[in-house]
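# Observations on the model geometry
Residues per chain are reported as follows:
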Amino acid sequence: MSEGATKKEEKPRKFQAIRGTRDLLPPETALWNRVEQTAHEVFATFGFGEIRLPIFEPTELFARAVGGETDIVSKEMYTFQNPTGLAAMVRENGMLGTLAEMSPESELISLRPEATASVCRAYIEHGMHALPQPVKLYYMGPMFRRERPQKGRYRQFYQIGAEVLGGTDAPAIDAEVIEMVMTFFAKLELQGVELDINSIGCRDCRTKYVELLRAELLKVKDKLGADSQRRIVTNPLRVLDSKLESEQPIIEKLPRIADHLCKDCATHYAAVKRQLELRGVIYRESWRLVRGLDYYMRTTFEITAAGLGSQNAVCGGGRYDGLVELLGGPPTKGIGFAIGEDRLILSLQESGKAPAPQGRDVYIAWMGEKAHATAIRAAKDLRAAGFSVELPPIEQKFGKALGQADKLGARYALILGDNEVSEGLWTLKTLADGSQQKLTEPDLLQFLREQKPVSS
Ligand code: AMP
């Protein structure tokens, strides 16, 4: 039996998007575009420029920046081998495939689970410390984490983020970055926005606090769940993140970082709050807000929004002054945030802020050879004027065409038959009320031009 015959009998596999990934379809993508366009506009008013980053980077970059003990790096990254040097040569020559993969010259690369590490890498790589400081950058795009998928949590998700690198660590910068996110959310009319802030101190006071916390946690270890017990060793701050009901009374009695900040950190935190007040930004202090990534220090913040259930954080951010240096660059101040775009969109949809599906401005119902040629010309003209035009590729009876126009939600049907073309009078039907008018070509185009395209 030939290969072709065997294949015919097999049921073709039904492909589906991989668990945790999804397709974004129209009309929802119009909302994504609006959100991204608003980000471009608002961030530009704060002097930020866009950076486009690679989707994958050396695994070591994330291990170093995010922290080897974090869930993201230890469990959630999509990592694979990238043959380089000799390994690549051997592989390209078709020899010893597996040996090539095991070669010490092949390096591990990962799909990016976040973008701050990449922005810092780019800052160093392009010598951006030589530019006027601070450098203000923003990005948007997909991130990848192998988390348990649920509403608002995906394995491929999208972030819109911004970073301020270099210059001073003046509290006004922290406040302005937060003000920028809040301005963006206000412009989108995001509902139920709540901002939580905290300071987690610097290397000095935070280290001392973490030791104190660890000592206190060890005293109550038996009353904690398995995750928190593990975190006493790996990352005691993360215990404060716990949502486990039984742990709440214990956590409430733990020492609070605000009481253990060094003088500089306490002054910085107080000034950030004052700066937020000057900007009219309403915040809530939350001593348990520690953020999951290792690189944060001093200011941390999180923003929640309505309609998201348990995954209600739409934005997280904070200061990370040591990160560029940790990645081999000069000592550099840094602060930034990442917005979960999927959740932002979900919240906008839940509160009815999603735009209506985009219809068409004009459906051109044509019949006859001559009318087709005219219709093509009219479509070109209307599209050039910014109208959304549907031009059917094959002739249809007018009744059918008008039904089609209705289904597509068109505002007008332009009816072109050979009569219309020879008379030089075109028929325009307003679909909402069924009214019709006959107009010359220039008058009709003029009339339509005076209407606003639906997409504007
Ligand atoms: P992080 O980079 O962990 O600080 O996350 C910043 C924001 O990204 C969060 O507040 C969420 O809105 C969003 N986010 C993080 N992980 C996911 C995920 N797996 N799916 C959807 N959104 C996410």
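Cut-off values and rules
Residues numbered from 1 in each chain as written. Predicted model: local features only at pLDDT ≥ 70, side-chain atom pairs only at ≥ 80, totals over all residues. Heavy atoms only, no water. Pairing = 2+ DSSP bridges. Helix = DSSP H or I, 4+ residues; strand = E, 2+ residues; numbered from the N terminus. Axes fitted to C-alpha atoms, helices over the stretch in contact; angles between N-to-C directions. Contact = heavy atoms within 4.5 Å. Buried < 20%, exposed > 50% of the residue type's maximum accessible area, 1.4 Å probe, protein only. Expected span 1.5 Å × (residues − 1). Arc of directions from axis to C-beta. Parallel < 35°, antiparallel > 145°, perpendicular 65-115°, else oblique. Nonpolar A, V, L, I, M, F, W, Y, C, P; charged D, E, K, R; others polar. Near = heavy atom within 4 Å. Polar contact = N/O pair within 3.5 Å; in protein donor to acceptor, adjacent residues only side chain to side chain. Areas by Shrake-Rupley, 256 points an atom, 1.4 Å probe, with all protein chains shown as cover. Domains from an automatic or database assignment. Left-handed = near helix turned anticlockwise from the far one by under 90°. Salt bridge = Lys/Arg side-chain N within 4 Å of Asp/Glu carboxyl O.

## Concerning the sheet that holds strand β4 (residues 107-111)
Sheet architecture is open: three strands sit in the order β2-β4-β3, paired in antiparallel fashion. Edge positions in the open sheet fall to β2 (56-58) and β3 (79-82), since each of these has one partner strand only. Taking the axes of each pair of neighbouring strands and ignoring which way they run, one obtains an average angle of 40° across the sheet. The pairing of β3 with β4 spans four bridges and is antiparallel. If you follow Q81 over to β4, its bridge partner there is L108. Sitting on the sheet, helix α3 (residues 59-66) is in contact with β2, β3 and β4, with an inclination near 75° to β2.

## Regarding helix α7 (residues 116-125)
α7 sits mainly inside the fold: eight of its 10 residues count as buried. Within α7 the residues assigned to the buried category are T116, A117, S118, V119, C120, R121, A122 and Y123. Against the buried residues of α7 lie β2, α3, β5 (135-144), β6 (156-165) and α13 (323-326). One or two positions beyond α7, positive phi appears at G127, with a value near 55°.

## Some thoughts on helix α15 (residues 369-384)
When the terminal C-alpha atoms of α15 are compared, their 23 Å separation across 16 residues agrees well with the 22 Å that a helix rising 1.5 Å per residue should span. All of the buried residues along α15 are A371, T374, A375, A378, A379 and L382. Along the axis of α15, the buried positions cluster into a sector of 145°, meaning they face one direction only. Residues E369, K380 and A384 are exposed on α15 and point more than 90 degrees away from its buried face. Residues of α15 that are buried make contact with β12 (362-366), β13 (389-390), β14 (412-416), α17 (418-423), β15 (425-430) and α18 (441-450). Phi turns positive, to about 95°, at G386, one or two residues after α15.

## Some remarks on the sheet that holds β13
Strands sit in the order β13-β12-β14-β15-β16 across an open sheet of five strands; the sheet is mixed. Of all strands in the sheet, those with a lone pairing partner are β13 and β16 (436-440), marking the two edges. The pairing of β15 with β16 spans five bridges and is classified as antiparallel. Residue pairing for β16: L425 is matched across the bridge by T440. Contacts from α15 reach β12, β13, β14 and β15 within the one sheet, and its direction differs from that of β12 by about 170°.

## A word on the packing of α3 against α7
Here α3 crosses α7 at 105°, and the two axes come no closer than 9 Å. By the angle between their axes, α3 is roughly perpendicular relative to α7. Facing α3, whose interface residues are L61, F62 and A65, α7 presents A117, S118 and R121. Of the residues assigned to the contact of α3 with α7, the class counts are four nonpolar, one polar and one charged.

## Focus: the site of the ligand
Taken together, 14 residues lie near the ligand, and R145, E147, Y154, R291 and A313 sit nearest. In this structure, a nitrogen atom belonging to the ligand sits 2.6 Å away from a side-chain N or O atom of E147. At 2.7 Å from an oxygen atom of the ligand is found a main-chain nitrogen or oxygen belonging to A313. Surface burial for the ligand is 91%, taken as the share of its 490 Å² of free accessible area covered by protein chains. The biggest single contributor to the shell around the ligand is strand β10 (residues 313-319), with three residues.

## Points about the environment of D196
Examined against the element boundaries, D196 turns out to sit in strand β7 (residues 194-199). Residue classification places D196 among the buried residues on the basis of a relative accessible area of 10%. A sequence separation of 41 residues divides D196 from R155, and the C-alpha atoms of the two residues are 26 Å apart. Residues in contact with D196, not counting those within four places in the same chain, are R284, S286, L289, T300, F301 and E302.

## Details of the domain arrangement of the chain
Looking at the chain, the domain boundaries give domain 1 (28-77 + 113-202 + 262-350) and domain 2 (362-451). Placing the centre of domain 1 and that of domain 2 at their C-alpha centroids yields a distance of 49 Å.

## Notes on the packing of helix α2 (residues 28-45) against helix α14 (residues 341-350)
Packed helices, taken two at a time, are described by the angle between their axes plus the distance between the axes. Across the interface, α2 lies against α14 with an axial gap of 11 Å and an inter-helix angle of 115°. Taken together, α2 and α14 sit at an angle that is classed as roughly perpendicular. Handedness of the α2/α14 crossing: right-handed. Side by side, α2 and α14 meet where E28, L31, W32, V35 and E36 of the first sit next to E341, D342, L344, I345, L348 and Q349 of the second. Along the lines of polarity and charge, the residues of the contact of α2 with α14 split into six nonpolar, one polar and four charged.

## Observations regarding the pattern of salt bridges
Overall, the coordinates contain 27 salt bridges when judged by the stated rule. The salt bridge involving R411 is made with D361; its shortest N-O contact spans 3.5 Å. Here the residue R411 occupies a position in the loop between α16 (398-407) and β14, and D361 occupies one in the loop between α14 and β12, the gap between them amounting to 50 residues. The class for R411 is partly exposed, based on a relative accessible area of 29%.

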